[in-house]
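Here is what each chain is made of, one letter per residue.
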Amino acid sequence: MGASMMGNQLKEEAASLTLRVKGDGPLGGITAVSDSEGNVRGYVQNPAADLPRKRPGKLDVGTAVGAGSLTVIKDLNMKEPYVGTIELLSGEIADDIAAYFLESEQIPTACALGVLLDTDQSVLCAGGYLIQLLPGADESVIRTIEQGVARVGAVTEALRDGMTARGLLMQVLSDFDMEVLEESPVEYRCYCSRDRVTRALISMGKKDLEELIADQGKAELTCQFCDKVYHYSREELEAILAAM
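### Some thoughts on the sheet that holds strand β6 (residues 68-75)
Turning to step 1, where the next piece is worked out: Taken in spatial order, the 5 strands line up as β3-β2-β1-β6-β7 in an open sheet, and their pairing is antiparallel. Every interior strand has two partners, whereas the edge strands, β3 (40-44) and β7 (82-87), have only one. Sheet twist, expressed as the average angle between the axes of neighbouring strands with direction ignored, equals 10 degrees.
Turning to step 2, where the next piece is worked out: Here 7 bridges tie strand β1 (residues 16-23) to strand β2 (residues 29-35), and the two strands are oriented antiparallel to one another. Across the sheet, the residue bridging to Lys 22 is Gly 29, located in β2.
Turning to step 3, where the next piece is worked out: Helix α3 (residues 93-104) rests against β1, β6 and β7 of the sheet, and its axis sits at about 120 degrees to β7.

Encoded structure:
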């Protein structure tokens, strides 16, 4: 959800944002990638990790992530992407995103995220908000936003009670004359394709591909984001090798 909102801020068409968390907790690394419309995909290094609970119904994300770093990569279709890295503040992702904006982009930011899981580990709902101050905002604005954040409380509880994305933001900013300028639907969207996987095989180099053919005679490559499996027969691998 954090990567989706940050990606939606990108103005360049076909731009993308990668949010990468490297922690020493049981979850391992976390990667999320968003396009400029907020469509997002992601994966966790150790998805089967047993996460501790802070209290009933509340996962201890900070302990699960542990100590480490948060890296934000903005690919704006220029020669080099913009890369910013900070040390994790708490492992609670929303806190660390707010810290990133303050440290790397000097933008005071309020960020809250919530994910509600069912008993079978499926996601019932997820959401959050990202509020940023324009240059010149005075202390009274900051205090009012802080009061709104405290008034709404945990995002997960608000979502559980049926609050919508718009309702969540309007509650936090209820002391302001808020105007909704745009609403953008987002989804989990993976851009993997057989062509991209084939290019990954080519990037192995001729020697490694020859060894793969000799040892296994076929290949099965799984997308880390959507778990789609791409199968290659010996004949297909040999054709790729010949084309190289």
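### Points about the nonpolar core
Within soluble globular proteins, side chains that are nonpolar tend to cluster in buried spots.
Turning to step 1, where the next piece is worked out: The biggest cluster of nonpolar side chains holds 27 residues, and the ones touching the most others in it are Met 6 and Leu 19.
Turning to step 2, where the next piece is worked out: Of all the secondary-structure elements, those providing two or more residues to this core are α1 (2-8), β1, β2, α2 (61-65), β6 and α3.
Turning to step 3, where the next piece is worked out: Per-element accounting of this core gives the leading share, 6 residues, to α3.
Turning to step 4, where the next piece is worked out: The contact partners of Leu 19, leaving out residues within four places of it in the chain, are Ala 3, Met 6, Ile 30, Thr 31, Ala 32, Leu 70, Thr 71 and Ile 97.

### Considering unusual backbone geometry
Turning to step 1, where the next piece is worked out: Of note in the backbone geometry, Ala 14 takes a positive phi value of approximately 70 degrees without being a glycine.
Turning to step 2, where the next piece is worked out: In this structure, Ala 14 sits in the loop between α1 and β1.
Turning to step 3, where the next piece is worked out: Phi angles above zero are rare outside glycine, and Asp 227 is one such case at about 70 degrees.
Turning to step 4, where the next piece is worked out: One can find Asp 227 in the loop between β10 (219-222) and β11 (229-232).
Turning to step 5, where the next piece is worked out: Classification of Asp 227 as exposed rests on a relative accessible area of 57%.

### Examining the packing of aromatic side chains
Turning to step 1, where the next piece is worked out: Here the structure, examined in full by the defined rule, presents 2 aromatic pairs.
Turning to step 2, where the next piece is worked out: Judged by centre distance (5.2 Å) and plane angle (75 degrees), the rings of Tyr 43 and Phe 225 are edge-to-face. You can see Tyr 43 sitting in strand β3 and its partner Phe 225 sitting in the loop between β10 and β11, a full 182 residues away along the chain.
Turning to step 3, where the next piece is worked out: Among the residues examined, Tyr 43 registers a relative accessible area of 24% and is labelled partly exposed.
Turning to step 4, where the next piece is worked out: Between the NZ or CZ atom of Arg 41 and the centre of the ring of Phe 225, over which it lies, the distance is 5.0 Å.
Turning to step 5, where the next piece is worked out: Stacked on the ring of Tyr 232, the Lys or Arg Arg 194 has its end atom at 4.1 Å from the ring centre.

Calculation criteria
Residues numbered from 1 in each chain as written. Predicted model: local features only at pLDDT ≥ 70, side-chain atom pairs only at ≥ 80, totals over all residues. Heavy atoms only, no water. Pairing = 2+ DSSP bridges. Helix = DSSP H or I, 4+ residues; strand = E, 2+ residues; numbered from the N terminus. Axes fitted to C-alpha atoms, helices over the stretch in contact; angles between N-to-C directions. Contact = heavy atoms within 4.5 Å. Core = buried A, V, L, I, M, F, W, Y, C linked by side-chain atoms within 4.5 Å. Buried < 20%, exposed > 50% of the residue type's maximum accessible area, 1.4 Å probe, protein only. Phe/Tyr/Trp six-rings, centres within 6.5 Å; stacked < 30°, edge-to-face > 60°. Lys NZ or Arg CZ within 6 Å of the ring centre and 35° of its normal.

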